[in-house]
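Architecture and fold: a report
For reference, the chains in residue letters:
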Amino acid sequence: MLSALPVLIICSNSADSNKAAQIVRDMSLQSVVCSSLTDARSQIGRRAFQLVFCDDNLPDCNLRTSLRVLASATGGVPVVVLSHLADWDAYMKALGAGAFDYIACPPEPIETERIVRLALLNLDDNVPFSPR
């Protein structure tokens, strides 16, 4: 069952954030889109989110710091990294830094939906995601 809480999309590339938002809408979920970690922290202060997509190249923060800040601010909500690097090493670094999963941009609907459902299944089973 998909939660009523929105999905937060933090992405400095509008084409990628729009595509991710469309995929989320197609899953009958709401989304909130931000272009920086600063904007995202403001949104997190106003509402709860069930999942976060985070660009690995934000203008105001590096990925490792973004993941740490998001884990703390959201209470451990799963964070999926959006990246223009379709690279095994980048994938492993993102997971090692605490990401739930990693999607090469532009996000593809089938893969993105699979990752969203897996993340939400963990939440529905009351299995909180704990970054490493």
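Residues numbered from 1 in each chain as written. Predicted model: local features only at pLDDT ≥ 70, side-chain atom pairs only at ≥ 80, totals over all residues. Heavy atoms only, no water.

Here the focus is unusual backbone geometry. Pro106 follows Cys105 through a cis peptide bond whose omega is 0 degrees. Position of Pro106 among the secondary structure elements: in the loop between β5 (101-104) and α5 (109-124). One non-glycine residue with positive phi stands out, namely Ser28, at about 65 degrees. Secondary-structure assignment places Ser28 in the loop between α1 (14-26) and β2 (31-34). The class for Ser28 is exposed, based on a relative accessible area of 67%. (Helix = DSSP H or I, 4+ residues; strand = E, 2+ residues; numbered from the N terminus. Buried < 20%, exposed > 50% of the residue type's maximum accessible area, 1.4 Å probe, protein only.)

What follows deals with the sheet that holds strand β1 (residues 7-10). Pairing between the strands of a sheet comes from backbone hydrogen bonds, and it takes one of two forms, parallel or antiparallel. Spatial ordering of the open sheet is given by β2-β1-β3-β4-β5, a layout of 5 strands whose pairing is parallel. For this open sheet the edge positions go to β2 and β5, each flanked by a neighbour on one side alone. On average, each strand axis in the sheet is inclined to that of its neighbour by 20 degrees, with strand direction left out of account. As defined by bridge partners, strand β3 (residues 51-55) adjoins strand β4 (residues 79-83) across 4 bridges and the pair is classed as parallel. Each bridged residue has a counterpart across the sheet, and for Cys54 the counterpart in β4 is Val81. Contacts between α1 and the sheet are confined to β1, β2 and β3, with β1 contributing the most and set at about 165 degrees to the helix. Strands β1 and β2 of the sheet are contacted by helix α2 (residues 37-46), whose axis makes an angle of about 165 degrees with β1. (Pairing = 2+ DSSP bridges. Axes fitted to C-alpha atoms, helices over the stretch in contact; angles between N-to-C directions. Contact = heavy atoms within 4.5 Å.)

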